[in-house]
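Coordinate analysis (summary)
In case you want the letters, here they are:
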Amino acid sequence: MSDGRWFDGWSPWPELAGLAAAGRSLLPNVPVTPAALARTVTEQLVGRRLTAKVGDREVGLTLAELDYPADSLRLATGRVGDVRLVAEDVDWPEPEGGSIPLRRVTVLAEDVRLRSLPAPAAKPARVDLRIAVSADVLRERVAQVRPGIVAAPADSGLLQIHWAKKPHWGHLTLEAQVADDAVVLVPRTLHIGQRQLRPPKRFHPIVLPLPELPSGIKLTKVEPRHDELVLHTVAEEWPERLSRIPLADLLSWLTTAAVTLTLPKLGSRP
């Protein structure tokens, strides 16, 4: 059966056929079904440098991945599945000015379903974000709060620090823990040569303030890797917010991004 016949008279969401028409008004040379339109928009966006408005700041990002199993059968039955979006080289603004370079932001919307009432919309069961910053950013942030200390990710999900003036004296491993508005690096083991000792009592945990995250984001875990630090978060309010945005607006948002390479405000028609 062709894509077109899935939406040729039968669908639990007849409005989906109208979504394809709305998308074709912005991208006229694409196939007619919502599934084909989504694939075409994705092909135009992935790998491109986009800009988004965050407050009064322009934020640049490169869309590296937009993956979803959105074929016409899934759309017709109302179950899209998991949607994964990856943005790289994100210049995230900070409240006091300037920006923090984020190596990668991964958004995973799990078990996305379509609903028809009160208006056609998409609702994920859960939305998670993973924010990765490079080891260079970690070193800079630690040096700001503890001058003279050099930090780097270590093995087994730990961090290690040493004194910049005396690196041969050994190093201290730390465990990254989550606080309300900060990442707390707690001393675990002092390494001097082949010896492993308890950390000095006078060495207090290192508190790294978090960058200002979008509203409704809760930090759940910090994962040091070989050359980066990954912040695991859950977007507690996003599933309900997304379910209130009509599908026509979501499609308009995607097609506008494909045409202008600018991410409009989600939920408002361009």
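In short, a report on the structure. (Residues numbered from 1 in each chain as written. Predicted model: local features only at pLDDT ≥ 70, side-chain atom pairs only at ≥ 80, totals over all residues. Heavy atoms only, no water.)

**A few points about the overall build of the protein**
Scanning the protein from N- to C-terminus turns up seven helices and 15 strands. In the protein, once contacts between residues fewer than 6 apart in sequence are set aside, the share between residues at least 24 apart is 49%. As presented, the protein carries roughly 14,800 Å² of accessible surface, and 53% of it is formed by carbon and sulfur atoms. (Helix = DSSP H or I, 4+ residues; strand = E, 2+ residues; numbered from the N terminus. Contact = heavy atoms within 4.5 Å. Areas by Shrake-Rupley, 256 points an atom, 1.4 Å probe, with all protein chains shown as cover.)

**So, the environment of K218**
The topology assignment puts K218 in strand β13 (residues 217–224). By relative accessible area, which is 45% here, K218 ends up partly exposed. In the structure, K218 is positioned 17 residues away from A235 in sequence and 6.4 Å away in space, judged by C-alpha atoms. Setting aside its immediate chain neighbours within four residues, K218 contacts H232, T233, V234 and E236. (Buried < 20%, exposed > 50% of the residue type's maximum accessible area, 1.4 Å probe, protein only.)

**Details of unusual backbone geometry**
The backbone of D89 shows a phi angle near 50°, a positive value even though the residue is not glycine. Mapped onto the elements, D89 comes out in strand β3 (residues 79–93). Backbone geometry at D111 places phi at a positive 50°, although glycine is not the residue there.

**Section: the pattern of salt bridges**
For the coordinates displayed, the defined rule picks out 14 salt bridges. Across the salt bridge formed by D91 and R49, the nearest N and O atoms sit 3.4 Å from each other. Taken together, the residues span a long stretch of sequence, with D91 in strand β3 and R49 in strand β1 (residues 49–54) at a distance of 42 residues. Assessed through its relative accessible area of 33%, D91 is described here as partly exposed. (Salt bridge = Lys/Arg side-chain N within 4 Å of Asp/Glu carboxyl O.)

**Some words on the side chain of S243**
As for its placement among the helices and strands, S243 is situated in helix α6 (residues 238–243). Within the structure, S243 has its side chain in polar contact with the backbone oxygen of E240 (distance 2.6 Å). Aside from chain neighbours lying at most four places away, what touches S243 is R115, A121, A122 and K123. (Polar contact = N/O pair within 3.5 Å; in protein donor to acceptor, adjacent residues only side chain to side chain.)

**Some details on the packing of aromatic side chains**
The relation between two aromatic rings is expressed through the spacing of the ring centres and the mutual angle of the planes. Tallied over the full model, the rule gives one aromatic pair. Between W163 and W169, the ring centres sit 5.4 Å apart and the planes meet at 55°, which makes this aromatic pair tilted. Residue W163 is classed as partly exposed on the basis of its relative accessible area of 37%. With a relative accessible area of 51%, W169 lands in the exposed category. (Phe/Tyr/Trp six-rings, centres within 6.5 Å; stacked < 30°, edge-to-face > 60°.)

**Some points on helix α7 (residues 247–260)**
The first and last C-alpha atoms of α7 sit 20 Å apart over 14 residues, in line with the 20 Å expected at 1.5 Å per residue. Counting buried positions along α7 gives 10 out of 14 residues, so the element sits mostly inside the fold. Within α7, burial applies to L247, A248, D249, L250, L251, S252, T255, T256, A257 and A258. Of the residues trailing α7, L261 is marked for its positive phi of about 60°. (Expected span 1.5 Å × (residues − 1).)

**Structural notes on the layout of surface pockets**
If you add up the space inside the second largest pocket, you get close to 360 Å³. Forming the walls of the second largest pocket are 14 residues, and the residues nearest its centre are W163, L172, L190, P200 and F203. Every element with two or more residues in the lining of the second largest pocket is listed here: β8 (159–163), β9 (171–178) and β10 (182–192). It is β8 that provides the largest number of residues to the lining of the second largest pocket, a total of three residues. The residue inventory of the lining of the second largest pocket, partitioned by class, reads nine nonpolar, three polar and two charged. (1 Å grid on protein atoms, 1.4 Å probe; cavity = no way out; pocket = protein on both sides within 12 Å on 5 of 7 lines; lining within 4 Å. Points joined across faces, edges and corners; volume = space filled by probe spheres on them. Nonpolar A, V, L, I, M, F, W, Y, C, P; charged D, E, K, R; others polar.)

**Remarks on helix α5 (residues 135–145)**
Those residues of α5 that sit buried are A135, V137, L138, R141 and V142. Viewed end-on, α5 has its buried residues packed into an arc of 155°, placing them on one side of the element. Residues D136 and Q144 are exposed on α5 and point more than 90 degrees away from its buried face. (Arc of directions from axis to C-beta.)

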